[in-house]
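Geometric and topological summary
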Amino acid sequence: MSSTSFNVRRVRREIEHLIGGDNVSDAEIDRVCYSRDAWPLRLMQLGRLVTKPRPDLIVWPTTVEHIQHVLRIANAEHIPVTPVSGGSGVCGGALPTRGGIILDLKRMNRICGLDEESYTVTVEAGLLGYELEQYLSVRGYTTGHAPSSIFSSAVGGFAAARSAGVLSSKYGKFEEIVVSLEVVLPNGELLRTKTVPRSSMGPDLKQLFIGSEGTFGIITELTLRICPLPESTQFASFLFPDLHTGMEAVIRFFRRDLRLALIRLYDENETRFVLGRFKSPPEGACVLNLIYSATKKLVSLERRTVTRICEAAGAEPLGPKPSKHWWDNRFDLYYPSSINLGPGMLYDVLDVAASYANLETMYWRMREAMEKLGVSTMSHFSHFYPDGGNIYVIFIGHAGSSEEAEAKYSRVWKVGLEAAHRAGGTLSHQHGVGLLKAPWMPVEHGPVGFALLEAIKQYLDPHNILNPGKLGLGSKASPSTDTPTAQGGDSP
Amino acid sequence: MSGSPPPSSSDALDQFAKVSRLCSLCARMCRHACPTHVATRSDACSPVGRALVVELYRGHKTALTETPVDRLYQCTLCGACKAWCKPGHELPRIIELARERVIQEHRAPLGIIDLDQTVSKHNNVYSEPHEKRFASLAPVLEQQHSGDNVIYFVGCTTAYRHPEIATAAIHVLNRLGVTAHILQNEVCCGSPLVRAGYTETARTLARQNVEAIATSGIRTVLTTCPGCARALKHDYPKLNTPLPGSTTVFHITEFLAKRRRQLQRLLTSPTTTQGSTSTAVTYHDPCHLGRELGVYNPPRQLLQLLPGIRLVEFQNTRDHADCCGAGAVLPKTFPQLAAEIAHRRLDDAAQTGASLLISSCPNCKQHLTSHQTPSSAMPFLDLMELLARALK
Ligand SMILES: Cc1cc2nc3c(=O)[nH]c(=O)nc-3n(C[C@H](O)[C@H](O)[C@H](O)COP(=O)(O)OP(=O)(O)OC[C@H]3O[C@@H](n4cnc5c(N)ncnc54)[C@H](O)[C@@H]3O)c2cc1C
Ligand code: SF4
């Protein structure tokens, strides 16, 4: 089953002795439960009851010392260790492709402290985003990090996968929300970065681990920035005659120094979907959903400025309903349905980003390349910056059989990412790399950049035990045994 | 009464195949609300984990051996998953059907290995003598009043463990002029057996109760136990043993909430625990009463009637209320897990700042009070007890 060979029983006993029998399992059924994250390709396979890749052991540490014990044993025995927090990653990052140990962080879920003077909260990595926000909201705070996976993802995973929540235009991406980190290195040593607002004492070490997806270390504790719950939240929607006009208006928001909580510009295909119950939009029209969330005074100023910009661009004001409806029902799309998970169906999302100079070109090229393969797409632009933004290209299609659907899935990814890369974009804005985009890492970073990442990996993890093969790292040290079917998006 | 035999559980499981498949592939949208997952924080002990057991079993990829069976029984069937599921997938029903299959294959977990025999022999889940079922109710029983006649279906836990709830309920009914009739041949409603997968034994019990209700001639049935109400209303038709056509089953809070005006007139004195002017109480929604029967407002409407009582809600309340841990025989199969779930709910109760914990279920009372610790030892009353005190 696994690609590693070690005496599972003996190692199990050894770990049990150190951290307690209740915190370890090698039961077959439990191992199958950890053979998946939320990567659509893996789910397509699981739908056919493909139960690999399975870990040999699952370990639930409850303290940093537990993790240190496990990593020391894993290093001595060269056992792969795959960390998982929420298990909501969509790129296969938490799949135990080479067997070994799954380290489930969810039992490390303590809230270690709320600093109401500095406006920070310190938590362990396995606390779910939802649990953190429940704790904060009754006290009048929020981190503002609101990914659509908030029920199923955890704080450690937010950092490990460099997540961005839907309100990130106002509250920042997760790397901006993290003040400091505690990380167990592959050799079991503990690294703590200082809890300070900023530092210029050389490179920012915490950023090395944010986005490293469990390949450089296990994130165990995080101090995060918090904000007061907003005094006022209001919704607005505008209908633009076309995508370009909508995009220009959004850019103008930034030129006028506006930082709204939510800016979501939909292409014509997704506009039809979003406006379905409200209006039948003219051909080519694109809807912009907005959320203002701040003090009452600021909200009123934002509203006035935004309305002026949009109306000057020829947009039709649609009132608050479409945007409010989206907010209230924003999770609906993520429940499993026969539409995307039925036999022979394929779906996923490409989340890419580019500077404004390239953004629209990238969108059109990706659409063209992907739709040529016979899938439907709909897209939105939902994370904006003064200099550019992301695109979230959803595709859905079908094929004659589940196996064919999986092959087609990989082809769609390949042409989509190729188009994004040629247009000057990054191949992931917020979903990370995992296995899916591992082959694209050298393309993204160039040979020099990727060699540097490989060297860091080699230095930190000479035995290549931590999440081997993810981010495309460590594959030289141990020839890739990740099954080809587990590699989404064929090599570029 | 018996009708045609229902399909065997594997056929029935196949009828739900689409749902169990989709749940097994879900992005874990309800896992955070599953009390057993929150307590164990294992993905195997979660809605998706259980759906996966069912799918692997249906696909002949796993047998119902010890660990898969454990995962199926580590569920309180509280319905929290369903409440968080936008498409409303009936995962609890699938787990019930899978358990039925476990029982058919003689793979019951240790804690309930002879549950069906116990209930068949004693007519109750506690191995108590049947003739003592209503022993402590004798003084208040069968007082004739001028108003409505109802059957009060007492249920095992109320009868043998918390007769104070029955006494209080009968007192409240009597004050309203309602005559509460007890079925002398009442037996266990069968709910614990349905939840555990012992469908055949449950059907036999259901027949006896249906027969007793039919011959009573009374067509209004009240319960103080949400599990009994659910069994009579929803499980009996599924077992092909429906109640006589015109019978209406109410949880007592629904019945009383309809008589709010009358109750209001009877309520005069302040109902405070310590004689203070206002007592903060919190209300725990029992899973069977809330998520299964949709009864959220009636208990709150009754609380509102009580002078000096102020309701402070749990953070997770109504359809998102957390289970107490007593559901679906978990205290018998996995007592430690059941205890941990109870401790969490009690801690949450303490967080509300209330000084009194109220609920409307003898099983919640039984389970939560038996797991109170010095730090979570808030007085607990069934809503009927609180009402009865106010009506003294
Ligand atoms: C329905 C749905 C909606 C989503 N919406 C968003 C969204 O709005 N924004 C967004 O950014 N993402 C979104 N995602 C993707 C996903 O939720 C994020 O990537 C999230 O950050 C993953 O967190 P997790 O705890 O689930 O991580 P996991 O899936 O557990 O792990 C992700 C990666 O990090 C590693 N890892 C996990 N924990 C640790 C740790 N403690 N230390 C070191 N490495 C670790 C794992 O090995 C894996 O490689 C969505 C996913 C789903 C299923
Ligand atoms: S009940 Fe709904 S939310 Fe829960 S696992 Fe099934 S599909 Fe997902």
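See above for the structure.
To continue, consider the site of ligand 1. Taken together, 36 residues surround ligand 1, and among them Pro83, Ser85, Ser88, Ser149 and Ala164 of chain A come closest. More than one chain approaches ligand 1, the contributing ones being chains A and B. In this structure, an oxygen atom belonging to ligand 1 sits 3.0 Å away from a main-chain N or O atom of Gly93 of chain A. One of the backbone nitrogen or oxygen atoms of Ala154 of chain A is found 2.8 Å away from an oxygen atom of ligand 1. Among the secondary structure elements, those contributing two or more residues to the shell around ligand 1 are β3 (81-84), α6 (155-160) and β10 (218-225) of chain A. With 4 residues, the top contributor of residues to the shell around ligand 1 is α6 of chain A. Taken domain by domain, the makeup of the shell around ligand 1 includes at least three residues from each of domain 1 (8-106 + 453-472) and domain 2 (111-228) of chain A.

A few words on the environment of Tyr119 of chain A. Residue and element names in this part refer to chain A. For Tyr119, the location among the structural elements is in the loop between β5 (111-115) and β6 (120-124). Looking at Tyr119, the relative accessible area reads 30%, which means it is partly exposed. Each C-alpha atom, one on Tyr119 and one on Val183, is 22 Å from the other, the two residues being 64 residues apart in sequence. Other than its neighbours up to four places away in sequence, Tyr119 contacts Tyr141, Leu224, Arg225, Ile226, Cys227 and Pro228.

Around ligand 2 sit Tyr335 and Pro336 of chain A together with Cys23, Cys26, Met29, Cys30, Cys85 and His89 of chain B, and those are all the residues in its vicinity. Two or more chains meet at ligand 2, and those chains are chains A and B. Judged by the fraction of its atoms near the pocket grid, ligand 2 is located in the largest cavity. Class assignment for the residues of the shell around ligand 2 results in 7 nonpolar, 1 polar and no charged.

Moving on to the nonpolar core. Within soluble globular proteins, side chains that are nonpolar generally end up buried alongside one another. Membership of the largest hydrophobic core comes to 146 residues, with the highest contact counts inside it found for Leu115, Leu173, Tyr236, Leu256, Leu303 and Ile358 of chain B. Core analysis: the next-biggest nonpolar cluster, separate from the first, contains 59 residues, Leu243, Tyr356, Met370 and Leu435 of chain A among them.

Here a disulfide denotes one covalent bond, and it connects the sulfur atoms of two cysteines. Tallied over the entire structure, the rule returns 0 disulfides over all chains. Free of any disulfide, Cys227 of chain A has its nearest neighbouring cysteine sulfur in Cys112 of chain A, separated by 20 Å. Sulfur of Cys361 of chain B: no disulfide; nearest cysteine sulfur belongs to Cys364 of chain B and is 3.7 Å away. You can call Cys361 of chain B buried: its relative accessible area is 4%.

All names here are of chain B. Put simply, helix α10 (residues 163-175) and helix α21 (residues 383-390) touch, their axes get as near as 8 Å, and they point 45° apart. By the criterion of interaxial angle, the relationship of α10 to α21 is oblique. Relative to α21, α10 is oriented so that their crossing is left-handed. On the side of α10, the interface is formed by Glu164, Ile165, Ala168, Ala169, His171 and Val172, while α21 contributes Met384, Glu385, Leu387 and Ala388. Split into classes, the residues belonging to the contact of α10 with α21 amount to 7 nonpolar, 1 polar and 2 charged.

Across all of its chains, the model carries 12 aromatic pairs over all chains by this definition. With centroids separated by 6.0 Å and ring planes inclined at 55°, the aromatic side chains of Trp326 of chain A and Trp327 of chain A adopt a geometry described as tilted. Relative to Phe381 of chain A, the ring of Tyr363 of chain A has its centre 5.6 Å away and its plane inclined at 55°; by these criteria the two rings are tilted. Placement of Tyr363 of chain A in helix α15 (residues 356-371) and of Phe381 of chain A in strand β17 (residues 376-381) is noted, with a sequence separation of 18 residues between them. Accessibility classification places Tyr363 of chain A together with Phe381 of chain A in one group, the buried group. We note Lys170 of chain A situated over the ring of Tyr171 of chain A; from NZ or CZ to the ring centre the distance is 5.6 Å. Its guanidinium or amino end placed over the ring of Tyr73 of chain B, Arg99 of chain B lies 4.4 Å from that ring's centre, counting from NZ or CZ.

Reading the values: the criteria
Residues numbered from 1 in each chain as written. Chains lettered and ligands numbered in written order. Predicted model: local features only at pLDDT ≥ 70, side-chain atom pairs only at ≥ 80, totals over all residues. Heavy atoms only, no water. Near = heavy atom within 4 Å. Polar contact = N/O pair within 3.5 Å; in protein donor to acceptor, adjacent residues only side chain to side chain. Helix = DSSP H or I, 4+ residues; strand = E, 2+ residues; numbered from the N terminus. Domains from an automatic or database assignment. Buried < 20%, exposed > 50% of the residue type's maximum accessible area, 1.4 Å probe, protein only. Contact = heavy atoms within 4.5 Å. 1 Å grid on protein atoms, 1.4 Å probe; cavity = no way out; pocket = protein on both sides within 12 Å on 5 of 7 lines; lining within 4 Å. Sits in = over half its atoms within 2 Å of the grid points. Nonpolar A, V, L, I, M, F, W, Y, C, P; charged D, E, K, R; others polar. Core = buried A, V, L, I, M, F, W, Y, C linked by side-chain atoms within 4.5 Å. Disulfide = S-S within 2.5 Å. Axes fitted to C-alpha atoms, helices over the stretch in contact; angles between N-to-C directions. Parallel < 35°, antiparallel > 145°, perpendicular 65-115°, else oblique. Left-handed = near helix turned anticlockwise from the far one by under 90°. Phe/Tyr/Trp six-rings, centres within 6.5 Å; stacked < 30°, edge-to-face > 60°. Lys NZ or Arg CZ within 6 Å of the ring centre and 35° of its normal.

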